[in-house]
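Each chain, letter by letter, is given below.
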Amino acid sequence: MRNILKKLDKLLENRIRLGIMSALMVNTSLDYNTLKDLLDVTDGNLASHLKSLEKNDFLQVHKQFIGRKPNTTYSVSRNGRKVFNQHLQALEQLIKNK
Amino acid sequence: MSEYNKHTDDLKAIRKMMEDSSRFLSLSGLSGVFTGIFAIIGASIAWFLILDKAEPGVFDLIPDYADPGTKYLLLLDGIIVLIAAVGTAYFLALRKSRKKEQQFWSPATRRLIIHMVIPLVAGGVFILIFILNNTLIYIIPAMLIFYGLALLNAGKFTFGEVQYLGVLEIITGFFAGLFLGNGLIFWIIGFGFLHIMYGIILHRKYN
C-alpha cells in the first residue's frame, strides 16, 4: 500500500494540472486556447499551472507566431509521460485494493 | 471527501478529459437536417427532370434508349448535393464554434476529417469502377455502405450518435442491395430521412 502511494505524484493531485496532462496524453500537442476551452479556467489560473508543469519537466513548450499572433503549443515531455502513467497505475491499483 | 472517492473522481476526470480533448464538438445538428433536405431535392431532380419519371426503379435502370449523357447528369446532380451538404455543414460548424468560443481547427477536427475521408475515397473509387463498367445498379447500395462505414469510423471523434447513424446507413445500404432497382428510394431514406431525423436529435440534445 505504501509503495503504491509513493507512486502518486504531488503535482497531479491538482485537478487542473491533472486535466492538462490528460488532454496532452491523447494529443500530440495542443495550443493554449484549446486547453483553455477544455478546462474552462481563467487565463491567470491556467498560465500558473502550465508554468509549474513546465518547471517540473512535465511539458515541452513550443512558441511560434501565426501571422502576427503569438501561438504557444504544449506537449508532454518524456518525463511527464512516465510520471503520468505511474500516477494513473497507482490510482487504479488503489481502487482495486479497496 | 474520502481518499477513495478522490481517487475514483480523479480517474473519472482523466477519462472525461481524454475523451473531450479528442472530440470535435462544433458539429451542428442543423447540418444533418439540411443535408437530408438537399438529398431529397437532389433525388427529386433526378427522378422528375433527369430521368423524366422513367420507370419505377430509377437510377439503376436508366432505360436503354436514354441519352448516353444521362449517367453524367445524375453524377453531376449527386456532386452538387454533396457540395451543398458539406458546405452547409462547414459553415454551421464554424458558426457554432465561434458562438461557443471553441477552436474550430483542433487536433480532433483533423482526426475527424482524416477518419471520414479514407473510407469515402475508397468508396468513391469503387463507385467509379461501377460507372466505368456500366453496372449502375450497385452505386446507391455502395454509397450507403461506404458512407455508413465512414461515419462509424469518424464518429469516435465527435458526438457518439454519429456512429449509430453510420450503422443505420450501412443497414439501409444492405436493403438497397437486397431490393436492387429501387436505389432512389433507399437514397431518400438513407441520405434524406435518416439525416433529418439524426439532425433533429442532435440539435435537441446539444444546442
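Our subject is the structure listed above.
In this text the structure is predicted, and so the values were computed from the model without any measurement. Every chain's residues receive numbers from 1 upward, in the order its sequence appears when written. To label them, take the chains in the order written and letter them from A, then take the ligands in the order written and number them from 1. Where local features are concerned, this predicted model is filtered to residues with pLDDT of at least 70; where side-chain atom pairs are given and counted, the filter is 80 or more; whole-chain, interface and lining totals use all residues. The basis for every side-chain value is the complete set of heavy atoms in the structure, and neither hydrogens nor water enter the calculation.

**What to know about the overall build of chain A**
Move 1: Along the backbone of chain A there are 5 helices and 3 strands.
Move 2: Starting at the N terminus and ending at the C terminus, chain A contains elements arranged as α-α-β-α-α-β-β-α.
Move 3: Overall, chain A is about 55 × 25 × 20 Å in size when its C-alpha atoms are taken along their principal axes.
Move 4: Per-residue accessibility, obtained with a 1.4 Å probe over protein chains only, is compared with the maximum for each type, and a residue is labelled buried under 20%, exposed over 50%, and partly exposed between these values. Out of the 98 residues belonging to chain A, those deemed buried represent 47%.
Move 5: Whether two residues are in contact is decided by their heavy atoms, any of which lying within 4.5 Å being enough. Of the contacts made within chain A by residues no fewer than 6 positions apart, 56% connect residues no fewer than 24 positions apart.
Move 6: In the structure as shown, chain A presents an accessible area of about 6,000 Å², 47% of it carried by carbon and sulfur atoms. Working definition: helices are DSSP H or I runs of at least four residues, strands are E runs of at least two. Numbering for both runs from the N terminus. Methods summary: accessible areas were calculated by the Shrake-Rupley approach with a probe of 1.4 Å, and residue burial reflects only the protein chains presented.

**Here we look at the interface of chain A and chain B**
Move 1: The interface is formed by 25 residues belonging to chain A together with 18 residues belonging to chain B.
Move 2: Surface buried jointly by chain A and chain B totals about 1,900 Å² across both partners, of which 68% is contributed by carbon and sulfur atoms.
Move 3: We define a salt bridge as a contact between a side-chain nitrogen of Lys or Arg and a carboxyl oxygen of Asp or Glu at a distance within 4 Å. At the junction of chain A and chain B, the tally comes to 1 salt bridge.
Move 4: With its nearest N and O atoms 2.9 Å apart, the salt bridge here joins Arg15 of chain A to Asp10 of chain B.
Move 5: For the side of chain A that touches chain B, the elements supplying multiple residues, two or more each, are helix 2 (15-25), strand 1 (30-31), helix 3 (32-39) and helix 5 (78-97) of chain A.
Move 6: Residues were grouped as follows: Ala, Val, Leu, Ile, Met, Phe, Trp, Tyr, Cys and Pro as nonpolar; Asp, Glu, Lys and Arg as charged; and all remaining residues, including Gly, as polar. When the residues that make up the side of chain A that touches chain B are grouped by side-chain class, the tally is 13 nonpolar, 6 polar and 6 charged. Two parts lose some accessible area (1.4 Å probe) when they are put together, and adding that loss for both gives the buried area.

**Examining helix 3 of chain A**
Move 1: Restricting attention to buried positions, one finds in helix 3 of chain A the residues Tyr32, Thr34, Leu35 and Leu39 of chain A. End-on view of helix 3 of chain A: buried residues confined to an arc of 160°, all on one side of the axis.
Move 2: The elements touched by buried residues of helix 3 of chain A are helix 2, strand 1, helix 4 (43-55) and strand 3 (69-76) of chain A together with helix 1 (3-20) of chain B.
Move 3: The positive-phi residue at the C-terminal boundary of helix 3 of chain A is Asp40 of chain A, with phi of around 60°. Summarising the geometry, the arc corresponds to the directions from the helix axis toward the C-beta atoms.

**Considering the layout of surface pockets**
Move 1: Considered as a void within the structure, the second largest pocket measures approximately 510 Å³ in volume.
Move 2: A cavity here means a set of points on a 1 Å grid, drawn over the protein atoms and nothing else, where a 1.4 Å probe fits but cannot get out; a pocket is an open set with protein on both sides within 12 Å along at least five of seven lines, and a residue lines either one if it has an atom within 4 Å of a point. Contributing to the lining of the second largest pocket are 20 residues, with Thr34, Asp37 and Leu38 of chain A together with Gln102 and Gln103 of chain B lying nearest its centre.
Move 3: For the lining of the second largest pocket, the secondary-structure elements that each account for two or more residues are helix 3 of chain A together with helix 4 (107-133) of chain B. Grid points are joined across faces, edges and corners, and a volume is the space filled by probe spheres set on the points.

**A short note on the sheet that holds strand 2 (residues 59-66) of chain A**
Residue and element names in this part refer to chain A.
Move 1: One open sheet accounts for 3 strands, arranged 1-3-2; its pairing is antiparallel. For this open sheet the edge positions go to strand 1 and strand 2, each flanked by a neighbour on one side alone.
Move 2: The pairing criterion for strands is at least two bridges between them, as found by DSSP. Pairing between strand 2 and strand 3: 8 bridges, direction antiparallel. By the bridge assignment for strand 3, Val61 is matched with Tyr74.

**A short note on a nonpolar patch on the surface**
Residue and element names in this part refer to chain B.
Move 1: The patches described consist of residues with a relative accessible area above 30% and no salt bridge, like charges being joined within 9 Å and nonpolar side chains (Val, Leu, Ile, Met, Phe, Trp, Tyr) within 5 Å. Taken together, the side chains of Leu149, Leu152, Val167, Leu168, Ile171, Phe175, Leu178, Phe179, Met197 and Ile201 define a hydrophobic patch exposed on the protein surface, amounting to about 860 Å² of accessible area.
Move 2: Where the nonpolar patch is concerned, the elements lending two or more residues are helix 5 (139-154), helix 6 (161-178) and helix 7 (183-206).
Move 3: It is helix 6 that contributes the most residues to the nonpolar patch, 5 residues altogether.
Move 4: Relative to the helices and strands, Phe179 is located in the loop between helix 6 and helix 7.
Move 5: Take Phe179: its relative accessible area is 44%, and that puts it in the partly exposed class.

**A short note on helix 6 of chain B**
Residue and element names in this part refer to chain B.
Move 1: To estimate the expected span of a helix, count its residues, drop one, and scale the result by 1.5 Å. Taking 1.5 Å per residue, 18 residues should reach 26 Å; helix 6 reaches 26 Å between its end C-alpha atoms and fits that length.
Move 2: Every buried residue of helix 6 is accounted for by Glu161, Val162, Leu165, Gly166, Glu169, Ile170, Thr172, Gly173 and Ala176.
Move 3: Looking at the buried residues of helix 6, the elements they touch are helix 5 and helix 7.

**Quick word on the nonpolar core**
Soluble, globular proteins show a tendency: their nonpolar side chains are buried together.
Move 1: Remark: nonpolar core denotes a set of buried residues (Ala, Val, Leu, Ile, Met, Phe, Trp, Tyr, Cys) joined through side-chain atoms within 4.5 Å. Of all hydrophobic cores here, the largest spans 33 residues; its most connected members are Ile20 and Leu35 of chain A.
Move 2: Looking at this core, the elements that each hand over two or more residues are helix 2, helix 3, helix 4, strand 3 and helix 5 of chain A together with helix 1 of chain B.
Move 3: Membership of the second largest hydrophobic core comes to 32 residues, among which are Ala93, Phe157, Trp187 and Leu194 of chain B.

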